Amino acid sequence: MRISVFGSTGSIGTQTLEVARHLGIEVAVLAAGSNVDKLAEQVASLRPRFAAMYDREASSRLKEIILAEGLPTRVVDGRRAMSELASYDGSDKVVNAVVGSAGLAVSLSALNAGKPLALANKESLVAAGSLMVEASKAHNAAILPVDSEHSAIWQCMWSSAGAGVEEIMLTASGGPFRGRKDLSGIRPEDALKHPTWDMGKKISIDSATMINKALEVIEARWLFDVDADRIKVVVHPQSIVHSAVMFTDGSVIAQMGAPDMRLPIMAALCYPGRSSVHAPGSGKLDLAQVGSLSFERPDTDTFPGVTLGHRALRRKGLAPAAMSAANEEAVAQFLSGNIPFTMIAGLCEEAMEASSESEPSSLEEVLEADLKARSYVESRCRSWRSCHS
Ligand code: NDP
Ligand code: MG
């Protein structure tokens with residue numbers, strides 16, 4: 001099998017390459033944003049057919065390096081080239097590990113070309129769920145979840161083919177501030193310290209605000225065609241039960257594993273089979289050593305962001321796209337020290353409430369809503385700074 005990996009230099013991307021190497025899977029395409037040194041290193045070791053960088057300057061530097069090293073890889077640049085590469089017919093599966101709505105075009109292009117899509121980029125399902133599902137059905141291209149909770153739900157479904165789903169129990173670690181009532185004065189370096197997972201910056205902040213769970217509620221709605229009111233969030237600090245499904249007979253099936261993304265990545269790469277070996281570097285889960293597992297309801301007063309997914313789904317239309325784009329911009333503003341942590345969820349809510357309730361019929365409409373939400377948040381942050389500096 002040959003795969004294409006978009007977002008190959010990030011946390012999920014590098015773990016995907018590790019799993020691919022472990023399983024002897026070839027890599028046909030590598031693509032990322034601007035980290036030339038890392039991409040060049042990956043190209044030198046994996047020698048893919050194509051490599052792409054979103055950033056023009058980075059792309060030119062990559063071309064120089066590849067030429068100087070005499071590597072056979074062809075470098076293409078820019079957004080259009082990137083989404084064209086997602087349909088490359090020399091690849092059997094596309095892994096989308098790009099962060100944010102920048103991954104949307106890659107997802108749609110892969111599905112439209114009939115490629116199975118191993119999806120870590122949850123933002124594409126959040127922003128354009130109906131378009132993604134439509135493309136997946138029209139071109140018979142499966143969306144294979146990489147997000148650990150969704151991989152868990154998916155695996156629970158394998159064992160109960162065709163049975164009705166009563167409820168999805170989406171587990172959440174609770175993030176680094178679980179148990180706190182006052183979130184004022186939080187600095188980016190505090191919010192980036194996740195207790196159980198080691199992830200990219202944006203998702204680490206999403207996890208701290210619990211907006212990650214809101215995005216995942218929407219992701220689950222589209223992946224499993226389940227109404228929002230059947231998706232329940234439950235806090236599980238040990239991150240061992242990755243989610244569970246209650247079927248119509250009341251039976252609950254859960255999936256467990258160490259908190260290690262290489263496991264769900266491997267499940268998506270090996271589907272429709274299961275790997276005959278463990279994921280690289282991941283030890284054996286020892287329940288006796290884990291000791292106890294605990295569960296609690298989320299604290300929605302302290303973490304209002306956790307409710308945004310259900311609310312965006314009730315509002316319909318472009319609300320999820322606006323909420324997700326507003327969140328991306330607000331997270332970037334928080335990481336740059338421009339706004340307090342506690343402002344993020346409110347900005348998402350405002351952008352969502354200003355969004356259109358009509359269903360998007362094209363990628364362009366989604367991208368327009370995305371831009372509008374970002375510029376709304378940017379201007380709100382500018383006014384906040386001018387009042388507080
Ligand atoms: P990282 O920030 O670690 O990596 C992001 C990747 O996206 C990098 O390779 C980056 O390239 C690339 N990228 C950024 N902008 C562009 C662009 N415009 N075009 C092409 N590539 C781009 O993020 P993560 O790996 O943590 O997350 C990736 C996705 O997976 C997110 O959607 C996240 O929510 C999801 N996810 C992550 C989990 C985790 O454990 N990390 C768990 C579950 C889901 P460069 O480095 O060159 O800038
Ligand atoms: Mg997750």
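Summary of the structure given here.

Calculation notes
- Residues numbered from 1 in each chain as written.
- Chains lettered and ligands numbered in written order.
- Predicted model: local features only at pLDDT ≥ 70, side-chain atom pairs only at ≥ 80, totals over all residues.
- Heavy atoms only, no water.
- Helix = DSSP H or I, 4+ residues; strand = E, 2+ residues; numbered from the N terminus.
- Expected span 1.5 Å × (residues − 1).
- Buried < 20%, exposed > 50% of the residue type's maximum accessible area, 1.4 Å probe, protein only.
- Contact = heavy atoms within 4.5 Å.
- Near = heavy atom within 4 Å.
- Polar contact = N/O pair within 3.5 Å; in protein donor to acceptor, adjacent residues only side chain to side chain.
- Nonpolar A, V, L, I, M, F, W, Y, C, P; charged D, E, K, R; others polar.
- Core = buried A, V, L, I, M, F, W, Y, C linked by side-chain atoms within 4.5 Å.
- Pairing = 2+ DSSP bridges.
- Axes fitted to C-alpha atoms, helices over the stretch in contact; angles between N-to-C directions.
- Salt bridge = Lys/Arg side-chain N within 4 Å of Asp/Glu carboxyl O.
- Patch = residues over 30% accessible without salt bridge, like charges linked within 9 Å, V, L, I, M, F, W, Y side chains within 5 Å.
- Areas by Shrake-Rupley, 256 points an atom, 1.4 Å probe, with all protein chains shown as cover.
- Parallel < 35°, antiparallel > 145°, perpendicular 65-115°, else oblique.
- Left-handed = near helix turned anticlockwise from the far one by under 90°.

1. What about helix 16 (residues 363-388)?
Thought 1: Relative to the 38 Å expected for 26 residues at 1.5 Å per residue, helix 16 spans 37 Å between its end C-alpha atoms, a close match to the ideal helical length.
Thought 2: Taken together, the buried positions of helix 16 are V366, A369, D370, A373, R374, V377 and C381.
Thought 3: Packed against the buried residues of helix 16 are helix 5 (104-112), helix 6 (122-138), helix 14 (319-335) and helix 15 (344-353).

2. Structural notes on the site of ligand 1
Thought 1: Near ligand 1 lie 25 residues; those nearest to it are T9, S11, S34, N35 and E123.
Thought 2: Within the backbone of I12, an N or O atom sits 2.9 Å from an oxygen atom of ligand 1.
Thought 3: Contact between ligand 1 and G200: an oxygen atom at 2.9 Å from a main-chain N or O atom of the residue.
Thought 4: Those elements giving two or more residues to the shell around ligand 1 turn out to be helix 1 (11-23) and helix 6.
Thought 5: When grouped by side-chain class, the residues that make up the shell around ligand 1 number 12 nonpolar, 10 polar and 3 charged.

3. As for unusual backbone geometry
Trans is the prevailing form of peptide bonds, just as negative phi is the prevailing case for residues other than glycine.
Thought 1: Here the residue pair Y271 and P272 is connected by a cis peptide bond, since its omega of 10° sits within 30 degrees of zero.
Thought 2: On the secondary structure map, P272 appears in the loop between helix 11 (262-270) and helix 12 (287-290).
Thought 3: Here the phi dihedral of D225 falls at roughly 50°; this positive angle occurs in a residue that is not glycine.
Thought 4: Here D225 lies in the loop between helix 10 (211-224) and strand 9 (231-235).

4. Description of helix 5
Thought 1: In terms of burial, helix 5 is largely enclosed, as 7 of its 9 residues are buried.
Thought 2: Within the sequence span of helix 5, burial applies to L104, V106, S107, L108, S109, A110 and L111.
Thought 3: Immediately downstream of helix 5, the backbone of G114 shows phi near 75°, a positive value.

5. Quick look at the nonpolar core
Thought 1: Residues F6, L62, M132, F224, M323, F341 and I344 are the most contacted members of the largest nonpolar core, which totals 123 residues.
Thought 2: With 9 residues, the top contributor of residues to this core is helix 14.
Thought 3: Ignoring any residue separated from it by four or fewer positions in sequence, one finds F224 in contact with H150, I153, W154, M157 and I168.

6. Section: the sheet that holds strand 8 (residues 165-172)
Thought 1: Taken in spatial order, the 4 strands of this open sheet run 9-8-10-11, and their pairing is mixed. Each end of this open sheet is capped by a strand with a single partner; those strands are strand 9 and strand 11 (252-256). In this sheet, neighbouring strand axes are inclined to one another by 20° on average, regardless of whether the strands run parallel or antiparallel.
Thought 2: Where strand 8 meets strand 10 (residues 241-247), 4 bridges bridge the pair, whose relative direction is antiparallel. Within strand 10, the position partnered with E167 by the bridge is M246.
Thought 3: Strand contacts of helix 7 (residues 148-158): strand 8, strand 10 and strand 11, with the helix running at about 40° to strand 10, the strand carrying the most contacts.

7. A short note on the pattern of salt bridges
Thought 1: Applying the stated criterion to the full structure yields 21 salt bridges.
Thought 2: Salt-bridge contacts for D147 lead to K122; the nearest nitrogen and oxygen are separated by 2.9 Å. Of the two residues, D147 sits in the loop between strand 7 (143-145) and helix 7 while K122 sits in helix 6, which places them 25 residues apart along the sequence. Of the two residues, D147 and K122, neither departs from the other in class, the shared state being buried.
Thought 3: Here E149 ties to K213 by a salt bridge, and the two come within 2.9 Å at their closest N and O atoms. Placement of the pair is E149 in helix 7 and K213 in helix 10, with a sequence separation of 64 residues.
Thought 4: For E149, a relative accessible area of 8% translates into the label buried.
Thought 5: A relative accessible area of 5% places K213 in the buried class.
Thought 6: Residues joined by salt bridges that share partners form a network here, namely K122, D147, E149, K213 and E216.

8. Re a nonpolar patch on the surface
Thought 1: On the surface, a cluster of nonpolar side chains totalling about 410 Å² of accessible area is made up of M256, L285, L287, L293 and F295.
Thought 2: Note that L285 resides in the loop between helix 11 and helix 12.

9. Notes on the packing of helix 15 against helix 16
Thought 1: Interhelical geometry of helix 15 versus helix 16 gives an angle of 135° and a closest axis separation of 10 Å. Considering the angle they form, helix 15 stands oblique to helix 16. Where helix 15 crosses over helix 16, the two elements pack in a sense that is right-handed. Residues L347, E350 and A351 of helix 15 form the contact with helix 16, whose own contacting residues are A373, Y376, V377, R380 and C381.

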